[in-house]
Amino acid sequence: MTGKMNKQRGRISDFLPLIRATDGLTLGQVCSVSSLEQTTIQNWIKRGYVPHPVSKKYSERHLARILLIAELRECMAIDRVGGLLSYINGDIDDESDDIITEERLYDVFCAMADTLDEKPLPLDRVGQVARDAAQLLTDIPESDRERIQNALRIMAYVYAANCCKRESEKLYEAIILD
């Protein structure tokens, strides 16, 4: 795998002071943090990929899910991203069936991405990064471990595909467009 992602990824804890000071983020603030258009986020809400905001405010759970979708949709169809997140945490409106909080899932994803950025790996080793991340989730019930490990493997490979896609775009620009 080659090519670093050029995005600056913040952990959810980086946004907590703002979220808590304002009792949630406005749509404009979420757009600013995520670099997404308002219509994109509203579309995801309408299609059931993101829960509805509460009193027009977005919580850390909302933000984590939006940031995850934004990262994964670059190389995975949006309906599959939604399916993957449902595979992990079930019904979007029912937190009681969640294996892992959206915030923690986003932070684990960021840690995997950071690892892949630090030492690019051959594609056949990307899954090991996910297995290593899953091993750190010791509080996840044994009955859910395989599910979370499978989901993290998919997420790691999607991130690797994103890196490869960006690298190929840079090469195309340098070779074909020059």
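Residues numbered from 1 in each chain as written. Predicted model: local features only at pLDDT ≥ 70, side-chain atom pairs only at ≥ 80, totals over all residues. Heavy atoms only, no water.

Peer 1: I keep staring at the packing of helix 6 (residues 102-118) against helix 8 (residues 142-175) and nothing clicks. Help me out?
Peer 2: Look at helix 6 against helix 8: their axes get within 10 Å of each other, and the N-to-C directions meet at 50 degrees. Judged by the angle between their axes, helix 6 and helix 8 are oblique. Where helix 6 crosses over helix 8, the handedness of that crossing is right-handed. Between helix 6 and helix 8, the contacting residues are Leu 105, Val 108, Phe 109, Met 112, Ala 113, Leu 116 and Asp 117 on the first element and Ile 148, Leu 152, Met 155, Ala 156, Tyr 159 and Cys 163 on the second. The residue inventory of the contact of helix 6 with helix 8, partitioned by class, reads 12 nonpolar, no polar and 1 charged. (Axes fitted to C-alpha atoms, helices over the stretch in contact; angles between N-to-C directions. Helix = DSSP H or I, 4+ residues; strand = E, 2+ residues; numbered from the N terminus. Parallel < 35°, antiparallel > 145°, perpendicular 65-115°, else oblique. Left-handed = near helix turned anticlockwise from the far one by under 90°. Contact = heavy atoms within 4.5 Å. Nonpolar A, V, L, I, M, F, W, Y, C, P; charged D, E, K, R; others polar.)

Peer 1: Explanation requested: the pattern of salt bridges in the structure shown.
Peer 2: Oppositely charged side chains may form a pair once their charged atoms are brought near each other. On inspection of all chains with the given rule, the structure shows 7 salt bridges. The residue Arg 11 makes a salt bridge to Asp 114 at a minimum N-O spacing of 2.6 Å. Of this pair, Arg 11 sits in the segment before helix 1 (12-21) while Asp 114 sits in helix 6; the two residues are 103 residues apart in sequence, bridging distant segments of the chain. A salt bridge links Glu 142 to Arg 145; the nearest nitrogen and oxygen atoms lie 3.6 Å apart. Here Glu 142 and its partner Arg 145 are both found in helix 8, 3 residues apart, which amounts to about one turn of the helix. (Salt bridge = Lys/Arg side-chain N within 4 Å of Asp/Glu carboxyl O.)

Peer 1: Sorry if this is basic, but what is going on with helix 7 (residues 126-135) here?
Peer 2: One turn of the α-helix equals 3.6 residues, which is why residues spaced by three or four share an orientation. Along helix 7, the residues that are buried comprise Val 126, Gly 127, Val 129, Ala 130, Ala 133 and Ala 134. Down the axis, helix 7 shows its buried residues gathered within 155 degrees of arc, on one side only. On the buried face of helix 7, the contacting elements are helix 6 and helix 8. (Buried < 20%, exposed > 50% of the residue type's maximum accessible area, 1.4 Å probe, protein only. Arc of directions from axis to C-beta.)

Peer 1: Got a minute to help me understand the side chain of Glu 102 in this structure?
Peer 2: As for its placement among the helices and strands, Glu 102 is situated in helix 6. Since its relative accessible area comes to 2%, Glu 102 is described here as buried. For Glu 102, the contacting residues outside a window of four places in its chain are Arg 61, Ala 64, Arg 65, Leu 68 and Asn 89.

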